[in-house]
Amino acid sequence: GVMSPSVTFYEYNKERADDDWEHDRAQLTYLRDIGEGQFGKVLLMKAKNIAGYKGKLPVAVKTLTSIEEEDVQKFLEEIELMKKFSNPHIVSLLGISTGGSEGAPLMILEYMPYGDLHNFLLKHKPKAGEHAIIGIYHQIRFAGDIANAMAFLESNKYVHRDIAARNCLVGPNLEVKVADFGMARMVQEKEYYKIAGRAVLPVRWMAPESLIYGYFTSSSDVWSYGVLLWEIATYGTVPLESSSVQEIVEMAQNKTLYHTWPEKYLPELKVVQEECHKYEAEERITFEKIAGLLPNSQTTT
Ligand code: ADP
């Protein structure tokens, strides 16, 4: 039958040897630009014989344009993290290309043809009186897919720190995978990661303790996931759209930070969102529990 790359690549990576990641640049052909990342362009390319796949395969290639030492370092760190992630709902790293006279490294990822979840939701927002193509069935599955990926990160003690619809990608069978590990960290003994220095922060998705103290844990990822559920339910509306960053920080301090759920809509996700948005981090539900509650594209077809 037809090989389903989304299923097999993460399994291939589980057993992958350290010296098996490098991919010859000559085996990549440019097709078109598909996005703009933090470090450089994201390209659609065709790769030959990559990650155990015999033949040609469309792939997404993240390039590094910046020559700033700090950016190069971050890019390489993201690559090292992604090598360790092996889950059906995390975008798989297929290879890297670090050699060559052009110098800058390339990150070769499985191609997710429907792009990021935020734009996908905006595009499929049903108009009044119209039948929804992307409706409750898919919305719940998106939530289940992401919970599955996050349960993997939680159990392996990684915090993502930037869970939002814009950082999830939609695959050929409308399965969703978590991507963009630019802010992800291994959690140390202290069980939290404290932000250092200046950084652009996803304020509208951040938990109260992240906003006030700069603490990031799996529980703060759970809060952000609750905001992502709200994005799914509202088809990509900007969270707390009418509030400024300063006002959001004040709401966190006054314990008045909350997201009003669209009335009577998607109760299956609303109950989960409420458990994600407990003000005290210790009271929040875990990703392991959420993943057990919601169906995902592995359990339903
Ligand atoms: P950065 O984290 O540097 O901002 P992203 O990973 O978010 O970069 O990539 C930027 C954009 O490129 C995404 O919003 C998406 O549209 C596209 N893109 C990234 N990775 C893929 C992929 N694997 N498949 C398809 N499109 C992708």
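Everything below is about the structure printed above this text.
Here we summarise the structure given alongside this text. Starting afresh in each chain, residues are numbered from 1 along the sequence in its written order. In keeping with the predicted nature of the model, local features appear solely for residues at pLDDT of at least 70, side-chain atom pairs appear and are counted solely at 80 or more, and the whole-chain, interface and lining totals rest on all residues. With hydrogens and water stripped out, all remaining heavy atoms of the structure feed into the side-chain values.

1. Focus: the sheet that holds strand β2 (residues 41-50)
Right, so step 1: The strand order across the open sheet formed by five strands is β1-β2-β3-β5-β4, and the pairing between neighbours is antiparallel. Sheet topology places β1 (28-36) and β4 (93-97) at the edges, where each strand pairs with a single neighbour. Here the strands of the sheet are splayed against their neighbours by 30 degrees on average, with no regard to which way each runs.
Right, so step 2: The pairing criterion for strands is at least two bridges between them, as found by DSSP. Secondary structure is summarised from DSSP: a helix means a run of H or I of at least four residues, a strand means a run of E of at least two, and numbering begins at the N terminus for each. Summarising the sheet, strand β3 (residues 53-63) and strand β5 (residues 106-110) pair through five bridges and their orientation is antiparallel. Among the inter-strand pairings, V61 is bridged to a residue of β5, identified as I108. A fitted line through C-alpha atoms serves as each axis, taken over the contacting stretch for helices, and the angle formed by two N-to-C directions is quoted from 0 to 180°.

2. A few points about the packing of helix α4 (residues 136-155) against helix α6 (residues 218-233)
Right, so step 1: With their axes 11 Å apart at the nearest point, α4 and α6 run at an angle of 165 degrees to one another. By the angle between their axes, α4 is roughly antiparallel relative to α6. Judged by the sense of rotation from one axis to the other, the crossing of α4 with α6 is right-handed. Across from Q139, F142, A143, G144, I146, A147, M150 and E154 in α4, the residues of α6 making contact are S218, D221, Y225, L228, L229, I232 and A233.
Right, so step 2: Within the contact of α4 with α6, the residues separate by chemical class into ten nonpolar, three polar and two charged. Here the angle decides the label: under 35 degrees means roughly parallel, over 145 means roughly antiparallel, 65 to 115 means roughly perpendicular, and every other value means oblique. In this scheme, a crossing is called left-handed if the near helix is turned counterclockwise away from the far one by less than a right angle; it is called right-handed if the turn is clockwise. Any two residues whose heavy atoms approach within 4.5 Å are treated as being in contact. Gly is put with the polar residues, along with every residue not named as nonpolar or charged; the nonpolar set is Ala, Val, Leu, Ile, Met, Phe, Trp, Tyr, Cys and Pro, and the charged set is Asp, Glu, Lys and Arg.

3. Details of the pattern of salt bridges
Right, so step 1: Throughout this description, the term salt bridge denotes a Lys or Arg side-chain nitrogen within 4 Å of a carboxyl oxygen of Asp or Glu. Counted by the stated rule, this structure contains ten salt bridges.
Right, so step 2: For E78, the salt bridge goes to K62, with nearest N and O atoms at 3.4 Å. Of this pair, E78 sits in helix α2 (residues 69-84) while K62 sits in strand β3, and the two are 16 residues apart along the sequence.
Right, so step 3: Remark: exposure states derive from per-residue accessible area (1.4 Å probe, protein chains only) relative to the maximum for the residue type, with buried under 20%, exposed over 50%, and partly exposed in between. Judged by relative accessible area, K62 falls into the buried class, the value being 16%.

4. What to know about the site of the ligand
Right, so step 1: Summary of the distance rule: residues count as near a molecule or strand when at least one heavy atom falls within 4 Å of that molecule or strand. Near the ligand you find 15 residues, and of these Q38, K62, E110, M112 and D180 are the closest.
Right, so step 2: Here a polar contact is recorded for every N or O atom pair within 3.5 Å, except that within protein the pair must consist of a potential hydrogen donor and a potential acceptor, and residues adjacent in sequence are included only if both atoms are side-chain atoms. Backbone polar atom of M112 to a nitrogen atom of the ligand: 2.9 Å apart, as the coordinates give it.
Right, so step 3: Surface accessibility follows the Shrake-Rupley procedure with a 1.4 Å probe radius. Residue values consider only the protein chains on display as shielding. Surface burial for the ligand is 85%, taken as the share of its 550 Å² of free accessible area covered by protein chains.
Right, so step 4: Of all the elements in the fold, those that place two or more residues in the shell around the ligand are β1, β3 and β5.
Right, so step 5: In terms of residues, the shell around the ligand owes the most to one element, β1, which gives three residues.

5. Here we look at α4
Right, so step 1: By this rule, a helix spans an expected 1.5 Å times one less than how many residues it contains. For α4, which comprises 20 residues, the first-to-last C-alpha distance of 28 Å matches the rise-based estimate of 28 Å (1.5 Å per residue) to within 8%.
Right, so step 2: In the segment just after α4, K157 is the residue with positive phi, at about 60 degrees.

6. Focus: the side chain of R204
Right, so step 1: Here R204 is to be found in the loop between β10 (193-194) and α5 (208-213).
Right, so step 2: Counting rule for charge: Lys and Arg are taken as positive, Asp and Glu as negative, and neither His nor the chain ends is counted. Buried and unpaired, R204 has E247 as its nearest opposite-charge partner, separated by 7.7 Å.
Right, so step 3: Within the structure, the side chain of R204 is placed 2.6 Å from the backbone oxygen of L240, a separation counted as a polar contact.
Right, so step 4: Other than its neighbours up to four places away in sequence, R204 contacts V227, V238, P239, L240, E241, S243, I248 and H259.

7. A closer look at the side chain of D145
Right, so step 1: Position of D145 among the secondary structure elements: in helix α4.
Right, so step 2: R141 provides the closest opposite charge to the buried, unpaired D145, separated from it by 5.5 Å.
Right, so step 3: Of the polar contacts made by the side chain of D145, one reaches the backbone nitrogen of V176; its length is 3.0 Å.
Right, so step 4: There is a polar contact of 2.7 Å between the side chain of D145 and the backbone nitrogen of S297.
Right, so step 5: Discounting residues that sit within four places of it in the chain, D145 has contacts with H89, E175, V176, N296 and S297.

8. Section: α6
Right, so step 1: If you check α6, its first and last C-alpha atoms are 22 Å apart, about what 16 residues at 1.5 Å a residue would give, namely 22 Å.
Right, so step 2: Taken across its 16 residues, α6 has 15 buried, putting it largely inside the fold.
Right, so step 3: The backbone nitrogen of S219 lies 3.1 Å from a side-chain oxygen of the residue at the head of α6, namely T217.
Right, so step 4: Immediately downstream of α6, the backbone of Y235 shows phi near 55 degrees, a positive value.

9. Things to note about the packing of aromatic side chains
Right, so step 1: Two rings belonging to Phe, Tyr or Trp (six-membered ring only in the last case) form a pair when the distance between their centres is within 6.5 Å. Interplanar angles under 30 degrees mark stacking, angles over 60 mark edge-to-face geometry, and anything in between is tilted. Inspection of every chain in the model, using the stated rule, returns eight aromatic pairs.
Right, so step 2: Ring centres of F120 and F142 lie 6.1 Å apart, and the angle between their planes is 75 degrees; on these two criteria the pair is classed as edge-to-face. Of the two residues, F120 sits in helix α3 (residues 117-123) while F142 sits in helix α4, which places them 22 residues apart along the sequence.
Right, so step 3: A relative accessible area of 5% places F120 in the buried class.
Right, so step 4: Where Y225 meets F287, the ring centres are 5.5 Å apart and the plane angle is 90 degrees; that geometry is what we call edge-to-face. Taken together, the residues span a long stretch of sequence, with Y225 in helix α6 and F287 in helix α9 (residues 287-293) at a distance of 62 residues. Both residues of the pair, Y225 and F287, count as buried.
Right, so step 5: By the ring-pair criterion, three or more aromatic residues cluster together here, those being F85, F152, Y158 and F181.

These results come straight from atomic positions and should not be treated as a statement about function.
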